[in-house]
2 protein chains.
Amino acid sequence: MDKTIGIFGGGQLGRMMAQAALPLNIQCIFFETNTACPSAALGPVFSPDKQELNAFIENADVFSLEFENTPLEQVDELIQSKNIHPSRQALAIAQNRLLEKNLFKQLEIPVAPFIAVNSRDDLHQAVESLGLPIVLKTATGGYDGKGQFVLRTVEDIAKAWADLGHAKPLIAESFVHFSREVSIIAVRGQNGDVKTWPLAENHHHQGILSHSIVPAPNSKTLQPTAEQYISTLLQHLNYVGVLTLELFVTDDGLYANEMAPRVHNSGHWSIEGAVCSQFENHIRAVAGLPLGSTEVIRPTVMVNIIGKHPNTADVLSLKGAHLHLYNKSEREGRKLGHITLMPIDDRELPALCHALAKILPEPLSLTTDMSW
Amino acid sequence: MDKTIGIFGGGQLGRMMAQAALPLNIQCIFFETNTACPSAALGPVFSPDKQELNAFIENADVFSLEFENTPLEQVDELIQSKNIHPSRQALAIAQNRLLEKNLFKQLEIPVAPFIAVNSRDDLHQAVESLGLPIVLKTATGGYDGKGQFVLRTVEDIAKAWADLGHAKPLIAESFVHFSREVSIIAVRGQNGDVKTWPLAENHHHQGILSHSIVPAPNSKTLQPTAEQYISTLLQHLNYVGVLTLELFVTDDGLYANEMAPRVHNSGHWSIEGAVCSQFENHIRAVAGLPLGSTEVIRPTVMVNIIGKHPNTADVLSLKGAHLHLYNKSEREGRKLGHITLMPIDDRELPALCHALAKILPEPLSLTTDMSW
């Protein structure tokens, strides 16, 4: 192998990064507690439980991550001698909603009004100045809807504080009235090149991404704005690798929700649907190689497999279906794999989606609008 | 993992099969002398040198191969308890040019006139009845032009016999006057379904495949005939998995050269260029899963990297270039990797090929005809 990339985390994102790295003669190794993780099929796993951080650092040439909550102390350890992409700074900002929202504001990327909350008094003042409803969130930690409290009445202040007060610093945010959620994914190379994939339209079920449609229907006028926002972030942070920006579509245009300093579930379609996938381009960027084209081959729908596995043969019988399993055991709410639908004729997509919905053990609420 | 496939051989074909198997939660294991082989990144390697055949057999559910000269005694061992796809019969025929050519004849697939040669007298008679020039080949063994002798004059008989007589049984074949070489690859599922990829036009340099153009230019009228030939073979052999048939294009139509009971170098383009690749469809067939579509996404040129590695960054700078390295060290005439060119606009292919030729350390003689 020509190069070794050390990846913090060993889940499905690491697995798919390593799959993309292999044909480039790039080996991935992983830092992950669960040594039987999805990435383990593709490279050695070093465990924090066995104090293997030093061995992990010694065995790789350069570092990246698939787990955005990678502890900064671990990163501090490695940057004494080696590089990590994205940088510690980008990671620190993405790990803290307050830093993140302040950065969006500073770069003139629209966000819902927000206020830092460090006491019950702050929360009262937030309700007063932002109005109700608001969402109270921990500034750090939390994902897939955890660590959040929605306040609808003044009585909720006490409950919200009882629930999350111990986890301060907190952030109170106004609700955004949006018609849909989209995300933009971009990659920046070490030479400053930026490439952007088209917007994905994302549909959630119980707080977890259910499926993404790419390109997002009727998004031609939104694309340039989203590209401008994410390019501004990439340049400002001198970012290297893949960055994801989640956005709300509102009557007033796009509002930023949050960024993820990594490859993203809403970009899994790109394995088949783009000339170069988010995984390969992230690896190329981290390894200092030229970026590949992010052009779309044809429209796709990516559907997550959550909680229970469908019958493999049923899925593979669908025309243009690509199955990606993560070698994980079944558990409620767990992402076990995904399916990308990419028929030669994209007019077949809605029918294919409905056929897939019948096969999946978990319900799939499909949108009907798939006009590009 | 849901299933384990044991593969005889551990080269780049096994590596790419295992890469295709992974997202289906199918693990591959390998039987291979070189335990640091290209496939080793994706699964355990069992060594014949360490008498690990039994362990290899115990650890897999079903078997396949990437090495067509897999010893039949090893196959005999496993078929006492488990299945191999393709079958022992198909493998035995593909390993013996005489059996193979006789089968082609029996199935009315045109072949150049040939005669079995077991003595110097036989060789004299072959020259008399076939005329000169002829090619004398060992019936078993030999690849990439090894184990062959071209006879142009009567004086060559003695030399040819001195060179190959010890390696009988031999086969003497008439020369075929062909304008180009093509190959057809097809897959048959356990349920009898057959799917065929389009013809590849293959260009060789010093007996080794240099590059393939897919679909083969101006091949629309040849495709149905080639499909009929390979389908006849698949059905006759009750074949499961991928089969390749190499063909000559002559003034009298297609002539069969040889078959390979496995995925083939001229099908590497299908990783990016087809809805489902030869590797994934082979794995699907061996695992008893439904086959994927073999439709072409867009025209491609696949170029082998032989002997020396090009600069990775130079290759990745080419628009629509996909690099596949096999993690092998440099050696003259050795296949180290391949590059698939698949720009969004296929009119750019000729220029891209010429740009690639400048980057490759070894010469690449490109054809100029790329009209589809």
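Residues numbered from 1 in each chain as written. Chains lettered and ligands numbered in written order. Predicted model: local features only at pLDDT ≥ 70, side-chain atom pairs only at ≥ 80, totals over all residues. Heavy atoms only, no water.

Can you explain the pattern of salt bridges? Please cite residues and give values.
All names here are of chain A. In total, this model carries 18 salt bridges over all chains according to the counting rule given. The salt bridge partner of Lys137 is Glu173, with a shortest N-O separation of 3.2 Å. Highlighted residues: Lys137 in strand S6 (residues 134-138) and Glu173 in strand S8 (residues 170-174), separated in sequence by 36 residues. Here Lys137 matches Glu173 in class, with each residue buried. Overlapping salt bridges, with partners in common, bring together Lys101, Lys137 and Glu173 in one network. (Salt bridge = Lys/Arg side-chain N within 4 Å of Asp/Glu carboxyl O. Helix = DSSP H or I, 4+ residues; strand = E, 2+ residues; numbered from the N terminus. Buried < 20%, exposed > 50% of the residue type's maximum accessible area, 1.4 Å probe, protein only.)

Residue-level account of the interface of chain B and chain A, with values.
Contacts between chain B and chain A engage 33 residues on the former and 33 residues on the latter. Overall, the association of chain B and chain A removes approximately 3,000 Å² of surface from exposure, summing both partners, and the carbon and sulfur fraction of that is 58%. One can count 0 salt bridges joining chain B with chain A. Listing elements by their share of the side of chain B that touches chain A, those giving two or more residues are helix H1 (12-21), helix H11 (312-316) and strand S16 (321-325) of chain B. Of the residues forming the side of chain B that touches chain A, the biggest block, 5 residues, is contributed by S16 of chain B. (Contact = heavy atoms within 4.5 Å. Buried area = accessible area lost by both parts, 1.4 Å probe.)

Describe the packing of aromatic side chains, naming the residues involved and giving the relevant values.
Residue and element names in this part refer to chain B. In total, this model carries 14 aromatic pairs over all chains according to the counting rule given. Here Phe8 and Phe56 contribute two aromatic rings whose centre-to-centre distance is 5.2 Å and whose plane-to-plane angle is 75°, an arrangement assigned as edge-to-face. Here the residue Phe8 occupies a position in strand S1 (residues 3-8), and Phe56 occupies one in helix H2 (residues 53-58), the gap between them amounting to 48 residues. The pair formed by Phe8 and Phe56 is uniform in burial state, with each residue classed as buried. Here Phe46 and Phe56 contribute two aromatic rings whose centre-to-centre distance is 6.1 Å and whose plane-to-plane angle is 55°, an arrangement assigned as tilted. Of this pair, Phe46 sits in strand S3 (residues 45-46) while Phe56 sits in helix H2, and the two are 10 residues apart along the sequence. You can call Phe46 buried: its relative accessible area is 12%. The buried category is assigned to Phe56, whose relative accessible area is 0%. (Phe/Tyr/Trp six-rings, centres within 6.5 Å; stacked < 30°, edge-to-face > 60°.)

Residues and numbers for the nonpolar core, please.
Of all hydrophobic cores here, the largest spans 116 residues; its most connected members are Ile339 of chain A together with Ile339 of chain B. Excluding residues that lie within four positions of it along the chain, Ile339 of chain B makes contacts with Val301, Met302, Val303, Ile305, Val315, Ala321, His322, Leu323, Leu356 and Leu360 of chain B. (Core = buried A, V, L, I, M, F, W, Y, C linked by side-chain atoms within 4.5 Å.)

Describe the sheet that holds strand S2 (residues 26-31) of chain B, with residues and values.
All names here are of chain B. Ordered by their spatial adjacency, 4 strands build an open sheet running S3-S2-S1-S4, and the pairing between neighbours is parallel. Each edge of the open sheet is held by one strand with a lone partner, namely S3 and strand S4 (62-65). Bridge analysis of S1 against S4 gives 4 bridges, and the strand direction is parallel. Looking at the pairing, Ile5 lines up with Val62 of S4. Relative to the sheet, H1 contacts S1, S2 and S4, its axis offset from that of S2 by approximately 160°. Against the sheet, helix H10 (residues 278-286) touches S1, S2 and S4, its axis set at about 145° to S4. (Pairing = 2+ DSSP bridges. Axes fitted to C-alpha atoms, helices over the stretch in contact; angles between N-to-C directions.)

An account of the domain arrangement of chain A is requested, with residue identities and associated values reported.
Often, the extent of an interface is quoted as the loss of accessible area upon association of its parts. Its domain assignment divides chain A into domain 1 (3-84), domain 2 (113-174) and domain 3 (178-359). One C-alpha centre belongs to domain 2 of chain A, the other to domain 3 of chain A, and the line joining them spans 30 Å. (Domains from an automatic or database assignment.)

Help me get a handle on helix H7 (residues 156-164) of chain A, residues and values and all.
Helical periodicity: at 3.6 residues per turn, an α-helix aligns residues three or four positions apart in one direction. Residue and element names in this part refer to chain A. Taken together, the buried positions of H7 are Asp156, Ile157, Ala160, Trp161 and Leu164. All buried residues of H7 fall inside an arc of 130° around its axis, so they share one side. Facing away from the buried surface of H7 by more than 90 degrees, the exposed residues are Lys159 and Ala162. The inward-facing, buried residues of H7 contact strand S5 (114-117), helix H6 (120-130), S6, strand S7 (148-151) and S8. (Arc of directions from axis to C-beta.)

Go over the relation of the copies chain B and chain A with me, naming the residues and quoting the values.
Relative to chain A, chain B is turned by 180° and slid 0.0 Å along the rotation axis, the superposed coordinates differing by an RMSD of 0.0 Å. Given the turn and translation reported, the copies of this chain are related as if by a two-fold rotation axis. Residue Leu42 of chain B, judged by its C-alpha, is the member of chain B lying nearest the rotation axis, at 3.1 Å. Most of the interface of chain B is mirrored in chain A: 100% of its interface residues are interface residues there too. (Least-squares fit on C-alpha atoms with pLDDT ≥ 70 in both.)

Break down helix H10 (residues 278-286) of chain A for me, with residues and values.
All names here are of chain A. Counting buried residues in H10 gives 9 out of 9 residues, a clear majority hidden from the surface. When H10 is considered as a whole, its buried residues turn out to be Gln278, Phe279, Glu280, Asn281, His282, Ile283, Arg284, Ala285 and Val286. If you check the start of H10, you find a side-chain oxygen 3.2 Å away from the backbone N of Phe279, and it comes from Ser277. Just downstream of H10 lies Gly288, where phi reads positive at about 75°. (Polar contact = N/O pair within 3.5 Å; in protein donor to acceptor, adjacent residues only side chain to side chain.)

Outline the sheet that holds strand S3 (residues 45-46) of chain A, listing residues and values.
Residue and element names in this part refer to chain A. Judged by pairing direction, the sheet is parallel, and its 4 strands sit side by side in the order S3-S2-S1-S4 without closing on themselves. Of all strands in the sheet, those with a lone pairing partner are S3 and strand S4 (62-65), marking the two edges. The strands that helix H1 (residues 12-21) touches are strand S1 (3-8), strand S2 (26-31) and S4; relative to S2, the one it contacts most, it runs at about 160°. Seen against the sheet, H10 touches S1, S2 and S4 and runs at an angle of roughly 145° to S4.

Break down the environment of Ile57 of chain A for me, citing the residues and quoting the values.
Residues and elements named next belong to chain A. When you line up the elements, Ile57 lands in helix H2 (residues 53-58). When its relative accessible area of 8% is taken as the criterion, Ile57 is described as buried. With near-sequence residues (within four places) excluded, Ile57 lies in contact with Phe63, Glu77, Leu78, Ser81 and Lys82.

Account for the environment of Ala357 of chain A, naming residues and giving values.
Residues and elements named next belong to chain A. Considering the arrangement of structural elements, one finds Ala357 in helix H12 (residues 349-359). A relative accessible area of 22% means that Ala357 is categorised as partly exposed. Spatially, the C-alpha atoms of Ala357 and Val303 are 9.3 Å apart, while their sequence positions differ by 54 residues. Apart from residues no more than four positions distant in its own chain, Ala357 is found in contact with Leu364 and Leu366.

Tell me about the packing of H1 of chain B against H10 of chain B, and please be specific about residues and values.
Residues and elements named next belong to chain B. Between H1 and H10, the least distance of the axes is 8 Å, while the angle of their chain directions is 70°. Viewed along their axes, H1 and H10 adopt a mutual orientation that is roughly perpendicular. Residues Leu13, Met16, Met17, Ala20 and Ala21 of H1 form the contact with H10, whose own contacting residues are Phe279, Glu280, His282 and Ile283. Its residues assigned to classes, the contact of H1 with H10 shows 7 nonpolar, 1 polar and 1 charged. (Parallel < 35°, antiparallel > 145°, perpendicular 65-115°, else oblique. Nonpolar A, V, L, I, M, F, W, Y, C, P; charged D, E, K, R; others polar.)

Go over unusual backbone geometry, please, and point to the residues and values.
Residue and element names in this part refer to chain B. Here the residue pair Leu132 and Pro133 is connected by a cis peptide bond, since its omega of -5° sits within 30 degrees of zero. Considering the arrangement of structural elements, one finds Pro133 in the loop between helix H6 (120-130) and strand S6 (134-138). That bond from Val214 to Pro215 is cis: its omega, -5°, falls within 30 degrees of zero. Tracing the backbone shows Pro215 in the loop between strand S12 (208-214) and helix H8 (223-236). For Gln51, which is not glycine, the phi dihedral falls at a positive 55°. With respect to the secondary-structure elements, Gln51 resides in the loop between S3 and H2. For Asn327, which is not a glycine, the phi torsion comes out positive at approximately 60°. Within the secondary structure, Asn327 sits in the loop between S16 and strand S17 (335-341). A relative accessible area of 26% means that Asn327 is categorised as partly exposed.

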